[in-house]
Amino acid sequence: MNISVIIPLYNEEESLPELAAWIKRVMDEHQYTYEVLMVDDGSTDNSWNVVCNLHQENECVKGIRFRRNYGKSAALNTGFEACQGDVVITMDADLQDSPDEIPELYRMIVEDGYDLVSGWKKVRYDSKIAKNIPSKFFNWTTRRMSGIKLHDFNCGLKAYRKDVVKSIEVYSEMHRYIPVIAKWAGFSKIGEKVVVHQKRKYGVTKFGIDRFVNGYLDLLTISFMTRFGKKPMHAFGVWGSLAFIVGFVCAIWLLIAKLVHQAHGLPYRQVMDQPLFGIAMLAMILGFMMFLAGFLGELIARNGSDRNKYLISDKLE
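Keep in mind that what you see is a predicted model, and the values were worked out from it rather than measured.

What counts, and at which threshold
- Numbering of residues starts from 1 in each chain and follows the order in which that chain's sequence is written.
- Whole-chain, interface and lining totals are the exception, using all residues; otherwise, since this is a predicted model, local features are given only for residues with pLDDT of at least 70 and side-chain atom pairs are given and counted only at 80 or more.
- Hydrogens and waters are ignored; side-chain quantities use all the structure's heavy atoms.
- Going along the chain from the N terminus, every DSSP run of H or I of four or more residues is numbered as a helix, and every run of E of two or more is numbered as a strand.
- Accessibility here uses a 1.4 Å probe with only protein chains present; expressed as a share of the type maximum, an area under 20% marks a residue as buried, one over 50% as exposed, and anything in between as partly exposed.
- By definition, residues are in contact when any of their heavy atoms lie within 4.5 Å.
- Each accessible area is a Shrake-Rupley result for a 1.4 Å probe, and residues are judged covered by the shown protein chains and nothing else.
- What makes a nonpolar core is a set of buried Ala, Val, Leu, Ile, Met, Phe, Trp, Tyr and Cys residues whose side-chain atoms join them at distances within 4.5 Å.
- Paired strands, in this sense, are two strands between which DSSP finds at least two bridges.
- By definition, the crossover connecting two strands over a helix is right-handed if that path, from the first strand to the second, turns clockwise as seen with the strands pointing away from the viewer.
- Method remark: on a 1 Å grid restricted to protein atoms, a set of points is classed as a cavity if a 1.4 Å probe fits but cannot get out and as a pocket if it is open with protein on both sides within 12 Å along at least five of seven lines; lining residues have an atom within 4 Å of a point.
- Grid points are joined across faces, edges and corners, and a volume is the space filled by probe spheres set on the points.
- Polar here means any residue other than Ala, Val, Leu, Ile, Met, Phe, Trp, Tyr, Cys and Pro, which are nonpolar, and Asp, Glu, Lys and Arg, which are charged; Gly is therefore polar.
- Put simply, a salt bridge is a Lys or Arg side-chain nitrogen that is within 4 Å of an Asp or Glu carboxyl oxygen.
- Axes here mean lines fitted to C-alpha atoms, for a helix over just the part in contact, with angles spanning 0 to 180 degrees between N-to-C directions.
- Note on ring pairs: Phe, Tyr and Trp rings are taken, using the six-membered ring of Trp, and paired if centres are within 6.5 Å. Classes follow the plane angle, with under 30 degrees stacked, over 60 edge-to-face and the rest tilted.
- Two thresholds decide whether a charge sits over a ring: the Lys NZ or Arg CZ must be within 6 Å of the ring centre and within 35 degrees of the ring normal.

Visitor: A description of the overall build of the protein should follow, citing residues and the corresponding values.
Guide: A count of helical and extended segments in the protein gives 10 helices and 7 strands. Looking at the protein as a whole, 44% of its 317 residues are labelled buried. The contacts of the protein with a sequence gap of at least 6 include a subset with a gap of at least 24, amounting to 80%. Carbon and sulfur atoms make up 59% of the accessible area of the protein, which amounts to about 17,700 Å² in all.

Shown next as structure tokens:
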């Protein structure tokens, strides 16, 4: 099968028939073999019935339904597990992503050899204050922290080689950072394509301003996991040891200073009466706690089921 199109959806009953017809027209025109996986993320409207009707009209349209709303990451991860196409395309269900972009995205994966191609909505029709400006700042920060030169990490229109989606796991709200997760998994050939962004035709957006707060928290999480997921001692142990050593040196210095002053008959203060001693003790306690956290993290990582899970790209037997 050439292409799998994964569409996470939540209360998008009006747009689904038009989107399915549009995808079918593009696929038939280019003679692709394909499947469309519509993942209903616990919709409360008539979306699932619409998906069922579309399946009866076209067997290439398939559906998965959640019992409740789990979020876009869960929908994408479920779609990744179920898809069968050599190239996987993800897009939103609100008609803001154009299926006309599929042939070029497919070509970039198959002919240009990209592992992942992310769409870039260079011209947007969203509210500038509510979405555009925060989105630009969010993307700039993610570029700086991840080292991946993409302009629009959160664009729902992306293309993947099958190996990529079968090798990664998307959870929580990590769908924003799939390129980062893919790079961490060893898929470093990541490209970008300018895509058309269309105005929302039906319904309202399902994302609020809290996504930017959650987005940065998730960015910190994925950055830490990328660097130290299998070696937490390298993070906590280094800083813990440094804090402990600094505190210990300060405490010893205060003690020696007191003894020197005492030996020469000079006035001196008790070590425990000096503010620096309190700071030194705090540094030692924090350092010990960080070192202990790293040690416990190391024990958990070494006993985890994926401690020796590595991704193999080729194998000769």
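Visitor: An account of the environment of Lys193 is requested, with residue identities and associated values reported.
Guide: Along the chain, Lys193 falls in strand β7 (residues 190-194). Assessed through its relative accessible area of 14%, Lys193 is described here as buried. Lys193 sits 88 residues away from Leu105 along the chain, and the two C-alpha atoms are 7.8 Å apart.

Visitor: Give me the lowdown on the nonpolar core, citing residues and values where you can.
Guide: Judged by nonpolar contacts, the single largest core of 35 residues is most densely connected at Ile3, Val5, Ile7, Met38, Ile89 and Met91. Of all the secondary structure elements, the ones that give two or more residues to this core are β1 (3-9), α1 (16-30), β2 (34-40), α2 (47-57), β4 (87-90) and α4 (102-110). Ignoring any residue separated from it by four or fewer positions in sequence, one finds Ile89 in contact with Ile3, Ser4, Val5, Ile6, Ile102, Leu105, Leu157, Lys158 and Ala159. Core analysis: the next-biggest nonpolar cluster, separate from the first, contains 28 residues, Leu37, Ala75, Tyr177 and Phe187 among them.

Visitor: Account for the pairing of β2, naming residues and giving values.
Guide: With 7 of its 7 residues buried, β2 lies for the most part within the structure. Here β2 shows two buried faces, one formed by Tyr34, Val36, Met38 and Asp40 and the other by Glu35, Leu37 and Val39. The pairing of β1 with β2 spans 7 bridges and is parallel. When the sheet's bridge partners are listed, Ser4 is paired in β2 with Glu35. Pairing of β2 with strand β3 (residues 61-65), which is carried by 5 bridges, proceeds in the parallel orientation. What sits directly across from Val36, in β3, is Val61. A crossover connection joins β2 to the parallel β3 through α2; in handedness this β-α-β unit is right-handed.

Visitor: Any details on empty space enclosed by the protein? Residues and values, ideally.
Guide: Summed over the entire model, instances satisfying the criterion amount to 2 cavities of 30 Å³ or more. Of the voids in this model, the largest cavity is the one considered here, and its volume is about 80 Å³. Sorting the residues of the lining of the largest cavity by element identifies α3 (72-82) and β6 (158-161) as the ones contributing at least two each. Across the lining of the largest cavity, the residue classes break down as 7 nonpolar, 4 polar and 3 charged.

Visitor: Help me get a handle on the pattern of salt bridges, residues and values and all.
Guide: Under the criterion given, the structure shown has 10 salt bridges. Where Asp92 meets Lys72, a salt bridge forms, and the shortest distance between an N and an O atom there is 2.8 Å. Of the two residues, Asp92 sits in the loop between β4 and α4 while Lys72 sits in helix α3, which places them 20 residues apart along the sequence. A salt bridge links Asp163 to Arg161; the nearest nitrogen and oxygen atoms lie 3.2 Å apart. Through salt bridges with shared partners, a single ionic network connects Glu104, Arg107, Glu111 and Asp112.

Visitor: Break down the sheet that holds β1 for me, citing the residues and quoting the values.
Guide: Sheet strands pair by backbone hydrogen bonding; their relative direction is either parallel or antiparallel. The mixed open sheet is built from 7 strands, whose spatial order is β3-β2-β1-β4-β6-β5-β7. The open sheet terminates on both sides in strands that have one partner only, identified here as β3 and β7. Averaged over all pairs of adjacent strands, the angle between their axes in this sheet comes to 20°, without regard to strand direction. Pairing of β4 with β6 involves 4 bridges; the strand directions are antiparallel. Counted as the bridge partner of Ile89 is Ala159 from β6. Contacts from α2 reach β1, β2 and β3 within the one sheet, and its direction differs from that of β3 by about 150°.

Visitor: Pulling in residues and values, what's your account of the packing of aromatic side chains?
Guide: Counted under the stated rule, the structure contains 4 aromatic pairs. When the ring of Tyr32 is compared with that of Tyr106, the centres are 4.9 Å apart and the planes differ by 50°; the resulting orientation is tilted. On the criterion of sequence distance, the pair formed by Tyr32 in the loop between α1 and β2 and Tyr106 in helix α4 is long-range, its members being 74 residues apart. When the centroid spacing of 5.4 Å and the interplanar angle of 90° are considered together, the rings of Phe66 and Tyr70 count as edge-to-face. Since its relative accessible area comes to 13%, Phe66 is described here as buried. Its relative accessible area of 43% is what places Tyr70 among the partly exposed residues. Note that Lys189 overlies the ring of Tyr114, its terminal NZ or CZ placed 5.4 Å from the centroid.

Function cannot be read off these values alone, since they describe shape.
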